[in-house]
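Fold and geometry: a report
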Amino acid sequence: MEVVIVGAGIGGLTLALSLHQAGVACRVFEAAPSIKPLGVGINLLPHAMRELGDLGLESAIAARGIETKEVCFYNRFGQHIFTEPRGRFAQYDWPQYSIHRGDLQAALVEAVVERLGLDALVTGYRFIGADQDGSGVVARFQDPRSGKVLPSVQGDVLVGCDGIRSVLRAQLHPGDDPLIYSGITMWRGMTRWPPFLSGASMAYAGWLATGKVIVYPVRDAIDAEGRQLVNWLCEFNTPPRDPSGDWSRPGELNDFLWACQDMHFDWLDIPAFVKAADFILEYPMVDKDPLERWSFERMTLLGDAAHPMYPRGSNGAGQAILDARTLAGHLARQGNPVAALSAYENDRREATSAVVQANRRIPPDAILREVYERTGDRPFSNIDEVISQAELQTLSERYKQIAGFQREALRDRSDLV
Ligand SMILES: Cc1cc2nc3c(=O)[nH]c(=O)nc-3n(C[C@H](O)[C@H](O)[C@H](O)COP(=O)(O)OP(=O)(O)OC[C@H]3O[C@@H](n4cnc5c(N)ncnc54)[C@H](O)[C@@H]3O)c2cc1C
């Protein structure tokens with residue numbers, strides 16, 4: 001069997017490595033002429049790290065990223081609400097990592113080239129459409145720079161891992177399929193800064209009505225002064241500005257500084273920190289309504305192409321990794337590709353739709369919303385009078401259960417490949 005993979009993002013590359021591990025041939029076709037370290041930070045939760053570990057990639061991730069120790073929540077006045085250990089620090093069998101998206105993609109590319117060979121990853125190939133019949137698929141491509149038509153590629157199965165503006169999704173679901181704006185815009189960036197809190201903490205502060213900030217380091221000791229590369233984002237409710245879903249759109253400090261200008265915390269001076277950023281990007285929080293169907297005989301969708309979700313809860317990359325592992329497992333076990341694609345959809349479509357919906361309604365940081373509402377956005381004198389530790393724990397566990405990374409459930413489930 002030969003699988004044609006469209007898109008060398010996190011999902012496409014993980015699928016290639018998983019198919020190779022399972023003994024199924026594949027090639028990846030990527031529109032970009034070369035793979036550049038784009039994006040900012042990504043979190044790899046224990047469910048994703050289990051899969052990357054099974055691919056023998058934990059040390060490559062550990063060499064590039066930071067093993068997350070804890071997640072800490074504060075209100076906008078800097079008052080501590082809740083801290084929860086993460087990954088192995090919370091007795092999971094697998095760690096949690098924070099990493100630059102470019103570093104994660106580079107680790108995957110390196111492994112693909114090493115294990116599958118240089119020919120397995122073809123860049124400068126923009127997918128434009130595909131045909132299929134009972135015996136196989138034919139994928140059509142063009143050169144993204146010249147627009148010239150490139151030779152078509154044949155295979156037994158075609159998987160669209162081509163991200164939030166997927167061409168295969170548009171072909172399989174012609175008609176209205178808009179990006180839906182959440183009402184929240186995020187400004188994101190990277191700053192070189194000395195370690196704060198534990199040096200491996202992810203911290204949330206504030207809430208969306210007045211401005212919320214998330215910060216976490218993604219690379220350790222990047223210079224002689226021991227500074228880290230720290231990912232940050234500042235987000236708040238605002239009418240749509242540019243809801244196109246362009247991950248690389250530059251942002252402006254003055255468009256969001258007001259929302260964090262009073263956050264001078266004893267562990268981090270947020271205004272000084274964001275002003276020192278290497279670059280700033282602006283991104284609208286957008287998703288799409290879950291699809292009724294992903295698989296059409298020999299073609300299917302994976303990752304953001306199948307289920308674009310709000311980039312909150314550290315799940316965009318994680319769910320793409322789980323999709324890839326599940327699909328590779330079915331393709332390896334089933335001789336019939338059509339049955340394998342259908343079994344993959346059965347396992348993953350409803351599960352990921354639940355994460356899309358959870359990210360809309362009960363986000364992972366619902367703790368901050370709860371405290372914001374209960375205090376009327378005023379400082380508290382004692383957090384226990386606002387919300388109990390048990391309630392905080394319940395809010396946190398609810399999201400883990402939906403996203404599939406509750407400790408016991410993860411430990412008990414069998415291997416995907
Ligand atoms: C440039 C960029 C920056 C990002 N930055 C962040 C970030 O900072 N934080 C975050 O949480 N998430 C970010 N994401 C999204 C994140 O990578 C995904 O949500 C998640 O990892 C799921 O991965 P995916 O493989 O489904 O999609 P993606 O990682 O988006 O990968 C899709 C891949 O398909 C390629 N592609 C698209 N169209 C075609 C086509 N027609 N033919 C061939 N190839 C095509 C793209 O170039 C890309 O390499 C970014 C995505 C991109 C593309």
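Residues numbered from 1 in each chain as written. Predicted model: local features only at pLDDT ≥ 70, side-chain atom pairs only at ≥ 80, totals over all residues. Heavy atoms only, no water.

1. Observations regarding the pairing of strand E7 (residues 97–100)
Two faces belong to every sheet, and in a regular strand the side chains alternate between them. This is how the line gets drawn: Any residue under 20% of the maximum accessible area for its type is buried, any over 50% is exposed, and the rest in between are partly exposed; the area is computed with a 1.4 Å probe on protein chains only. Helix numbering and strand numbering both begin at the N terminus, where a helix is a DSSP run of H or I of at least 4 residues and a strand a DSSP run of E of at least 2. In short, DSSP must find at least two bridges between two strands for them to pair.
Of the two faces of E7, the one carrying Tyr97 and Ile99 and the one carrying Ser98 and His100 are both buried. In terms of strand pairing, strand E3 (residues 41–44) meets E7 through four bridges, oriented antiparallel. Among the inter-strand pairings, Gly41 is bridged to a residue of E7, identified as His100. Relative to E7, strand E4 (residues 66–67) runs antiparallel, the two sharing two bridges. The partner of Glu67 across the bridge, within E7, is Tyr97.

2. Observations concerning the packing of aromatic side chains
Inclusion rule: Stacked, tilted and edge-to-face pairs are distinguished by plane angle, under 30 degrees for stacked and over 60 for edge-to-face with tilted covering the rest, among Phe, Tyr and Trp rings (Trp via its six-membered ring) whose centres lie within 6.5 Å.
Under the counting rule described, the total for this entry stands at 17 aromatic pairs. Taking the centre distance of 5.0 Å and the plane angle of 25 degrees together, the rings of Phe73 and Tyr204 count as stacked. Taken together, the positions of Phe73 in strand E5 (residues 70–74) and Tyr204 in strand E14 (residues 201–207) put the pair 131 residues apart, joining distant regions of the chain. According to the relative accessible area criterion, Phe73 is buried, its value standing at 4%. On the basis of relative accessibility, which here comes to 7%, the residue Tyr204 falls in the buried class.

3. Comments concerning unusual backbone geometry
For Ala221, which is not a glycine, the phi torsion comes out positive at approximately 35 degrees. In this fold, Ala221 is placed in the loop between strand E15 (211–219) and strand E16 (228–237). Positioned with a positive phi, Asp377 is a non-glycine residue whose angle comes to about 60 degrees. Within the secondary structure, Asp377 is located in the loop between helix H9 (366–375) and helix H10 (383–386).

4. A short note on the nonpolar core
One recurring pattern in soluble globular proteins: nonpolar side chains tend to sit buried together. Rule in force here: Here the nonpolar core consists of buried residues drawn from Ala, Val, Leu, Ile, Met, Phe, Trp, Tyr and Cys, with membership extended through side-chain atoms lying within 4.5 Å. The contact criterion used throughout is that any non-hydrogen atoms of two residues lie within 4.5 Å.
One finds Leu15, Leu44 and Leu158 to be the most contacted residues of the largest nonpolar core, which totals 63 residues. Those residues in contact with Leu44 that sit more than four places away from it in its chain are Met49, Leu52, Ile61, Pro95, Gln96, Tyr97, Ile99, Leu104 and Ile321. Counting residues in each nonpolar core, the second largest holds 34 residues, with Phe82, Ile184, Tyr204 and Ile214 among its members.

5. Topic: the site of the ligand
Rule in force here: Proximity is defined per residue: if any heavy atom of the residue lies within 4 Å of a molecule or strand, that residue is considered near it. Here the open area of atoms and residues is found with the Shrake-Rupley method and a 1.4 Å probe, where only the protein chains shown may cover a residue. By the convention adopted, Pro, Cys, Tyr, Trp, Phe, Met, Ile, Leu, Val and Ala count as nonpolar, Lys, Arg, Asp and Glu as charged, and the other residues, Gly among them, as polar.
Neighbouring residues of the ligand: 29 residues in total, closest Glu30, Val40, Arg101, Arg188 and Asp304. Expressed as a share of its isolated accessible area of 910 Å², the protein-covered part of the ligand is 86%. With three residues, the top contributor of residues to the shell around the ligand is helix H7 (residues 316–333). When grouped by side-chain class, the residues that make up the shell around the ligand number 15 nonpolar, eight polar and six charged.

6. Describing the side chain of Arg86
Mapped onto the secondary structure, Arg86 falls in the loop between strand E6 (80–85) and E7. When residues no more than four places from it in sequence are discounted, the contact partners of Arg86 are Leu45, Thr68, Lys69, Glu70, Val71, Gln96, Lys400 and Phe405.

7. Brief notes about the pattern of salt bridges
Close approach of charged atoms allows side chains with opposite charge to pair. How we decide: Here, a salt bridge means any side-chain nitrogen of Lys or Arg that lies within 4 Å of a carboxyl oxygen of Asp or Glu.
A full pass over the atoms with the stated rule returns 32 salt bridges. What you see here is one network of salt bridges that share partners, running through Arg241, Asp242, Arg249, Asp255 and Glu282.

8. Some words on the sheet that holds E15
Put simply, the rule reads: Axis definition: a line fitted to C-alpha atoms, limited for helices to the stretch in contact. Angles are taken between N-to-C directions and run from 0 to 180 degrees.
Taken in spatial order, the seven strands of this open sheet run E6-E5-E14-E15-E16-E13-E17, and their pairing is mixed. Both outer strands of the open sheet, E6 and strand E17 (279–287), are each paired with one neighbouring strand and no more. Between one strand axis and the next, the sheet turns by 20 degrees as a mean value, whatever way the strands run. Inspection of the sheet shows strand E13 (residues 180–193) paired to E17 by eight bridges, in the antiparallel sense. Note on E17: the bridge partner recorded for Met186 is Tyr283. Sheet strands in contact with H9 are E5, E6, E14 and E15, and its direction is about 35 degrees off that of E14.

9. Points about the state of the cysteines
The following threshold applies: Any cysteine sulfur atom paired with another within 2.5 Å is treated as part of a disulfide.
Per the stated rule, a full pass over the model turns up zero disulfides. Cys234 forms no disulfide, and the closest cysteine sulfur to it belongs to Cys260, at a distance of 4.3 Å. Exposure remark for Cys234: the relative accessible area of 1% places this residue in the buried category. Taking the relative accessible area as the measure of exposure, Cys260 reaches 0% and is therefore buried.

10. Details of the pairing of strand E12 (residues 157–160)
Alternating positions in E12 separate into two faces, Val157 and Val159 on one and Leu158 and Gly160 on the other, with burial throughout. Note: strand E1 (residues 2–6) against E12, four bridges, orientation parallel. Paired with Ile5 across the strands is Val159, a residue of E12. Sheet topology note: the E12/strand E18 (residues 299–301) ladder contains three bridges and is parallel. Paired with Leu158 across the bridge in E18 is Met299.

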